[in-house]
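Coordinate analysis (summary)
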Amino acid sequence: MTDAPHRYNADLAGSIEERWQAFWKDNGSFHAVDPEGEFAGDGSPLPEKSFIMDMFPYPSGKGLHVGHPLGYIATDVLARYERMKGKNVLYTMGYDAFGLPAEQYAIETGTHPRTTTDENVANMSRQLFRLGLSHDLRRALRTTDADFVKWTQWIFLQLFESWYDPTAENVDGVTGRARPISELKGAIQNREVDPWAMAERLGIELPQHWIERKPSPKHWIEGDSTPFDFLVQYTPEQMQELVDSFRLAYISDTPVNWCPGLGTVLANEEVTADGRSERGNYPVFKRRLRQWNMRITAYADRLVDDLDRVDWPESIKLMQRNWIGRSHGAQVRFRFADAPSALAGGEFEVFTTRADTLFGATFCALSPEHALMADPSALPDSWPDGTKDAWTGGAATPAEAVRAYQQRAASLTDDDRTDEDRPKTGVFTGLFAVNPMDGRKIPVFVADYVLIGYGTGAVMAVPAEDERDYAFASAYDLDIIRTVQVPDDFEEGRAYTGDGEKINSRSDELDLNGLGIDDAKQKALEYAIEKGFGRARTTYRLRDWLFSRQRYWGEPFPIVYAKDDPTTPIPLPMEHLPVPLPELDDFSPTALDPNDTDTEPQTPLSRNQDWVNVRLDLGDGEKDYIRETNTMPNWAGSSWYELRYTDPTNEDELTSRANEEYWMGPRSVGSVGGVDLYVGGVEHAVLHLLYARFWHKVLFDLGHLSSQEPFHRLFNQGYVQAYAYTDARGVYVPAEEVVEEADGTFTYNGERVSQEYGKMGKSLKNSVTPDDMYAQFGADTFRVYEMSMGPLDQSRPWETRAVVGAQRFLQRLWRLVIDEETGEVIAGDGEADAATLKALHTTIDAVTVEMDNMRFNTAISKMIELVNQLTKLMTAGTAVPRSVVEPLILMAAPLAPHIAEEMWHRLGHEESLVRAPYPSADEAYLGADEITAVVQVKGKVRHRLQVPADITAEDLEARVMAEDRVKELLEGQELRKVIVRAPKLVNLVI
């Protein structure tokens, strides 16, 4: 059957959509107004604002499939809705355009990554524009834009030129904030801060000559000499070295995943479970290399505490808290007993949350990378008496055992080493430590389940109360001493981590027996402090952010080095930014011997000597310098892009204070401000969101921002998943060609296939692109279908055959206004009857509630009900009045904006409905006219009747007593009492 000439189908939808998309773009329909700058208004007061953001995408060469736009459609629906509510809406899009995928493609094809990135951005922008997203395109950006790179490099310099003062007062009762590094030397000289105490609190390792000459706290605070007199013993170079130790962006020898075969350091996510590179399958080793780091650990407490001040899902907050891993406990010092001269007086510290379990410590374990194990030749020449064979690893001496064990551990990832199911391994060092609580000598092992990057890189092992320690002790025949009374039904053969009274916890000076764990912990800590072998300490799982990449496609560091001092970084002044990437023909890191762990990275940028060696005037005349040849990670641009949206053309500031304060500033006392709504996937719950919060807080501390958090409200959308099908060989077949048989099985070309459910993608041959949907149904149908599939925060299966349901809804809506045969407007000018007005306003009221709460699926269902009711009215020969159709079109506009604009225009409106007022429900038409009242006799429902919703108790009783059925029930009975709960219940007591 041929479609009627004016039926709403894919062809008509396409022409309508492209025409209105061009109109919106040409007329700046979605432009947001700033308080000042290029996008400022006419000076009149600005309305209430709404800043809505998506997590911006990486511009993949594959483009979008229908799962990607789910969140984008939702934010667009909300942005359009809030414009119609009279708000000034900032809503735009950017692209996270630096990163490894583009560089890998460039290496494989020889195509410059900028070329492929630009092509990919153009394709994705086309797909999103065709979807009808209401972005303010003047604010669109990509992280590779020169002006964006300039401000990314500027932010890096802010961190480089700052330190964190944990004692400085901040706002809202918070203690601790970033301060300019230029203030640190004076703060030390004037005794505002104790650098040794501050270094310990922040976990900073000071230069050795500062450690060796550390004064006592009493000398520092109360000494007779002035701090300057004390500090004059240090050279200016040594003072600068101290200052540099506290920078928020700093260089240090950092444990990294070094892959010589690829010539680069890898992120943990790029290393397989077998300790090899995902790309190339080369061995990966743990090495200490000179790298840039960000001191995010200084902000650990604020990153944890301020989670209580943002409107985020509790699951995301928990993930961040666990990642930061704040633990309160004790730092306990162990010293060696009878150590060789090279280790004489040697000691190490462990962190424990359970100082009360020191009585149960039966061995200690050091990380293979621990500094005390850096030179295994310092260990004893032979195994001490009583050494068990299992402890030696088959080696003749402790030095041989430790050295061999370190080599094996270097090839393992941290995940491998801490895998709970992996057998615990280690070797004896030949050394014993003295348990400071009771003087026992306990053996010291090297064990790879202890990580150098967590805590102190050493543990006191309490097998009876820790599962990992129990497994190690069982494997190596070590003592197990219980310090907590286990329940009667406890099965032996494992650690006990529950509560209970303390046992086996007494010495000549301390008795914890009989105490509960909390009281025992506190008493043990106080004793350790009193005796000088322990102190209270808070530790964190969070590590400083490794910020170097030996890659080409990333932001260059705005750092140079003097020719005669290639290790001291020199920041570039603002007028030298941005530092552009040089053009290279070869983007690959230099590949080295895959098994040579002693090699060093040779970065792609280092091969362009004309760029590396540069002559600059940095304020003291022209000189020759060497550029930093590492690049920043792709996390850099995504850590601040929301700020640039607020002032994207500002050449003098990252964003003006007025614009940032309007769009992101706090709205009440104690508020942290931020973007009003940020929508994205849960996969970014930790790293991206943590890094963005860190950068934002630094910029707030330095006075550049009024908001303390980047994102006030966070919403995680679900995923669109799809069915995939495999044949008898296990090979995927095209999902769109699979036939569902009558018996519920599936076939492809007549052969039976198996169905599975999961991620959508080209490799599974189940990918559907938005372009396919535009061609088959139109963008509005696609939008309505995705929003109607279920609650936004839940994943849902894609079913192309089900899209037609959304199309039919829009076709019925279209037919209320337009004659499919003639194309003429058929909506009537008459008055709506009371029933129709009641249905309309009930729908408006319900849809408004659903839109306010982002329950778009139920908002659509409410509109479908109204459309169906109006269709019946039209079928009965009554034209649907404009007074009913127009509010319905306005309700549908955020979800299906193109067809709504077209109908609005055909109804005679000259202005776009983008900012038309959203309809309001008339209270006079709300509420049910009649409801069902029930009559109970002896507590059971025996009769029902329809009554007015506003009926009084007296009238309800009279109506019930007049009912024939009630008279029958009461015949021959004595009525003792009538209980009335108008308008729903009458209880007859007989």
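Predicted model, so just to flag it, every value in this text is computed and none were measured. Every chain is numbered on its own, with residues counted from 1 as its sequence reads. Totals for whole chains, interfaces and linings use every residue, but because this is a predicted model, local features are given only for residues with pLDDT of at least 70 and side-chain atom pairs only at 80 or more, for both listing and counting. Water and hydrogen atoms were dropped before computing side-chain values, which therefore reflect all heavy atoms in the structure.

A few words on the overall build of the chain. When helices and strands are tallied, the chain shows 32 helices and 33 strands. Seen through its principal axes, the chain has C-alpha atoms that stretch 105 × 90 × 75 Å. In the chain, which comprises 990 residues, the share counted as buried stands at 54%. Note on contacts: a residue pair is in contact if any heavy atoms of the two residues lie within 4.5 Å. For the chain, contacts bridging at least 24 residues in sequence account for 71% of all contacts bridging at least 6. Numbering of helices and strands runs from the N terminus; a helix is a DSSP stretch of H or I covering at least four residues, while a strand is a stretch of E covering at least two. Three labels apply to residues, based on accessible area from a 1.4 Å probe with only protein chains included: buried if under 20% of the type maximum, exposed if over 50%, partly exposed otherwise in between.

Here a salt bridge means any side-chain nitrogen of Lys or Arg lying within 4 Å of a carboxyl oxygen belonging to Asp or Glu. Scanning the entire structure with this criterion turns up 59 salt bridges. Between Asp586 and Arg607 there is a salt bridge whose closest N-O contact spans 3.5 Å. Of this pair, Asp586 sits in the loop between strand S19 (565-571) and helix H19 (609-612) while Arg607 sits in the loop between S19 and H19, and the two are 21 residues apart along the sequence. Assessed through its relative accessible area of 41%, Asp586 is described here as partly exposed. Residue classification places Arg607 among the partly exposed positions, given a relative accessible area of 35%. Among the salt bridges present, the one from Arg855 reaches Glu850, with a minimum N-O distance of 2.8 Å. Given a relative accessible area of 11%, Glu850 falls into the buried group. Via salt bridges that share partners, Asp172, Asp306, Arg309, Arg693, Lys697 and Glu709 belong to a single interconnected network.

Attention now goes to the pairing of strand S22 (residues 677-680). Neither face of S22 is left uncovered, since the one carrying Leu677 and Val679 and the one carrying Tyr678 and Gly680 both have all their residues buried. Two strands form a pair only when DSSP identifies at least two bridges running between them. Looking at chain direction, strand S1 (residues 49-54) and S22 are connected through 3 bridges and run parallel. Counterpart to Asp54 in the pairing with S22 is Val679. In this structure, S22 lies alongside strand S23 (residues 714-716), joined through 3 bridges in parallel fashion.

Moving on: the packing of aromatic side chains. What counts as a ring pair is set by centres within 6.5 Å for rings of Phe, Tyr and Trp (its six-membered ring), and what kind of pair is set by the plane angle: stacked under 30 degrees, edge-to-face over 60, tilted for all other angles. Per the stated rule, a full pass over the model turns up 49 aromatic pairs. Centroid distance Trp24 to Phe30: 5.5 Å. Interplanar angle 55°. Geometry classified as tilted. Like Phe30, Trp24 is buried. On the numbers, 5.6 Å between centres and 50° between planes, the contact of Phe336 with Phe348 is tilted. One end of the pair, Phe336, is in strand S10 (residues 327-337); the other, Phe348, is in strand S11 (residues 347-352), with 12 residues separating them in the sequence. Neither residue differs from the other here; Phe336 and Phe348 are each classed as buried. Members of the aromatic cluster, joined through ring pairs, are Phe156, Phe160, Trp292, Trp545, Phe547, Phe557, Trp635, Tyr691 and Trp695. The ring centre of Phe39 lies 3.9 Å from the NZ or CZ of Arg138, which sits over that ring. In this scheme, the term charge over a ring applies when either NZ of a lysine or CZ of an arginine sits within 6 Å of the ring centre and within 35 degrees of the ring normal. Over the ring of Trp611 we find Arg627; its NZ or CZ atom is 5.2 Å from the centre of that ring.

Packed helices, taken two at a time, are described by their axes: the angle between them and the distance between them. The N-to-C vectors of helix H13 (residues 314-324) and helix H23 (residues 687-701) enclose an angle of 75°; their axes lie 10 Å apart at closest approach. One finds that H13 runs roughly perpendicular with respect to H23. Of the residues in H23, those in contact with Ile316, Gln320, Trp323 and Ile324 of H13 are Leu687, Leu689, Leu690 and Arg693. Lines fitted to C-alpha atoms define the axes, with helix axes restricted to the stretch in contact, and inter-axis angles between N-to-C directions lie between 0 and 180 degrees. Roughly parallel covers angles under 35 degrees, roughly antiparallel covers those over 145, roughly perpendicular covers 65 to 115, and oblique covers all other angles.

Looking along a regular strand, one sees the side chains alternate between the two faces of the sheet. Strand S24 (residues 720-726) sits mainly inside the fold: 5 of its 7 residues count as buried. One ladder, built from 2 bridges, connects S24 with strand S29 (residues 796-797); its direction is parallel. Across the sheet, Gln721 pairs through a bridge with Pro797, a residue of S29. Of the pairings in the sheet, the one linking S24 to strand S28 (residues 751-758) comprises 5 bridges and is antiparallel in character.

A few words now on the sheet that holds S1. Judged by pairing direction, the sheet is parallel, and its 4 strands sit side by side in the order S2-S1-S22-S23 without closing on themselves. Where the open sheet ends on each side, the last strands, each with one partner, are strand S2 (88-90) and S23. Adjacent strand axes in the sheet meet at a mean angle of 20°, parallel and antiparallel pairs treated alike. In the packing of helix H2 (residues 69-84) onto the sheet, contacts are made with S1, S2 and S22, and the angle to S1 comes to roughly 170°.

Where helix H5 (residues 146-160) contacts H23, the axes come no closer than 10 Å and their chain directions differ by 70°. The orientation of H5 with respect to H23, classified from their angle, is roughly perpendicular. Of the two possible hands of crossing, H5 and H23 adopt the one that is left-handed. Facing Thr152, Trp154, Ile155, Gln158 and Leu159 of H5, the residues of H23 in contact are Phe694, Trp695, Val698 and Leu699. All amino acids are sorted into three groups, where Ala, Val, Leu, Ile, Met, Phe, Trp, Tyr, Cys and Pro are nonpolar, Asp, Glu, Lys and Arg are charged, and the leftover types, Gly among them, are polar. Here the contact of H5 with H23 is built from residues that sort into 7 nonpolar, 2 polar and no charged. For any helix crossing, the convention is left-handed if the near helix is rotated counterclockwise from the far helix by under a right angle, and right-handed if that rotation is clockwise.

A separate point is helix H4 (residues 113-130). For H4, spanning 18 residues, the distance from its first C-alpha to its last is 26 Å, which sits close to the expected 26 Å at 1.5 Å a residue. A positive phi of about 85° marks Gly132, the residue just after H4. To estimate the expected span of a helix, count its residues, drop one, and scale the result by 1.5 Å.

Tracing the sequence through the fold places Asp598 in the loop between S19 and H19. The class of Asp598 is exposed, set by a relative accessible area of 65%. Between the C-alpha atoms of Asp598 and Arg287, which are 311 residues apart in sequence, the distance is 8.6 Å.

Turning our attention to a negative patch on the surface. Without a salt bridge and with relative accessible area above 30%, a residue can belong to a patch; like charges are then joined within 9 Å and nonpolar side chains (Val, Leu, Ile, Met, Phe, Trp, Tyr) within 5 Å. Accessibility throughout is a Shrake-Rupley quantity obtained with a 1.4 Å probe, and a residue counts as covered only by protein chains that appear here. In summary, the charge assignment counts Lys and Arg as positive and Asp and Glu as negative, without counting His or the chain termini. Where a charge lies is defined by one atom per residue type, namely NZ (Lys), CZ (Arg), CG (Asp) and CD (Glu). A cluster of acidic side chains, namely Asp415, Asp419, Glu420, Asp421 and Glu467, defines a negative patch on the protein surface. As for its placement among the helices and strands, Glu420 is situated in the loop between helix H16 (414-418) and strand S13 (426-434). Glu420 gets classed as exposed once you look at its relative accessible area, which sits at 71%.

Strand order in this open sheet of 4 strands is S31-S30-S33-S32, and the pairing throughout is mixed. Edge positions in the open sheet fall to strand S31 (940-948) and strand S32 (977-981), since each of these has one partner strand only. Direction aside, the axes of adjacent strands within the sheet are offset by 20° on average. Sheet contacts for helix H31 (residues 953-961): strand S30 (930-937), S31, S32 and strand S33 (985-989); angle to S31, the most-contacted strand, approximately 120°.

Time to look at the side chain of Arg644. Counting through the fold element by element, Arg644 comes out in helix H21 (residues 641-645). We define a polar contact as two N or O atoms separated by no more than 3.5 Å, with the added condition that, inside protein, one atom must be a possible hydrogen donor and the other a possible acceptor, whereas residues neighbouring each other in sequence contribute only through side-chain atom pairs. A polar contact of 2.9 Å, which involves the side chain of Arg644, links it to the backbone oxygen of Leu654. The residues contacting Arg644, other than those within four sequence positions of it, are Leu141, Asp147, Phe148, Trp151, Thr649, Asn650, Glu653 and Leu654.

We now examine unusual backbone geometry. Put simply, Leu577 and Pro578 share a cis peptide bond, and its omega is 0°. As for its placement among the helices and strands, Pro578 is situated in the loop between S19 and H19. The linkage connecting Ala982 with the following residue, Pro983, adopts the cis geometry, with an omega of 0°. Topologically, Pro983 is positioned in the loop between S32 and S33.

Before going further, it helps to spend a moment on the confidence of the model for the chain. Values of pLDDT, ranging from 0 to 100, describe the predictor's confidence in every residue of the model. Chain-level statistics for the chain give a pLDDT mean of 91 and a share of 97% at 70 or above. Every residue in residues 222-228 scores below 50 in pLDDT, and together they form 11 contacts with partners more than four places removed in sequence or on other chains.

With respect to the element layout, Val66 can be found in the loop between S1 and H2. Residue classification places Val66 among the buried residues on the basis of a relative accessible area of 0%. Sequence separation between Val66 and Glu786 is 720 residues, and the spatial gap between their C-alpha atoms is 8.7 Å. Leaving out residues up to four positions away in the same chain, Val66 has contacts with Val720, Met760, Val768, Thr769, Pro770, Met773, Phe782, Glu786 and Trp798.

Let's shift gears to H13. Those residues of H13 lying buried are Ile316, Lys317, Gln320 and Ile324. The arc enclosing the buried residues of H13, seen along the axis, measures out at 100°, which places them on a common side. In this structure, the buried side of H13 is in contact with helix H12 (300-305), H23 and S23. This arc corresponds to the set of directions leading from the helix axis out to the C-beta atoms.

A contiguous nonpolar surface patch, about 230 Å² in accessible area, is contributed by Met319, Val682 and Tyr719. Note on placement: Val682 falls in the loop between S22 and H23. Among the residues examined, Val682 registers a relative accessible area of 36% and is labelled partly exposed.

Before going further, it helps to spend a moment on the side chain of Ser638. Looking at the secondary structure, you find Ser638 in helix H20 (residues 635-638). Exposure remark for Ser638: the relative accessible area of 4% places this residue in the buried category. Other than its neighbours up to four places away in sequence, Ser638 contacts Phe56, Asp96, His688 and Ala692.

A separate point is the environment of Pro710. Relative to the helices and strands, Pro710 resides in the loop between H23 and S23. The buried category is assigned to Pro710, whose relative accessible area is 0%. Through-space distance from the C-alpha of Pro710 to that of Gly758 is 33 Å; in sequence the pair is 48 residues apart.

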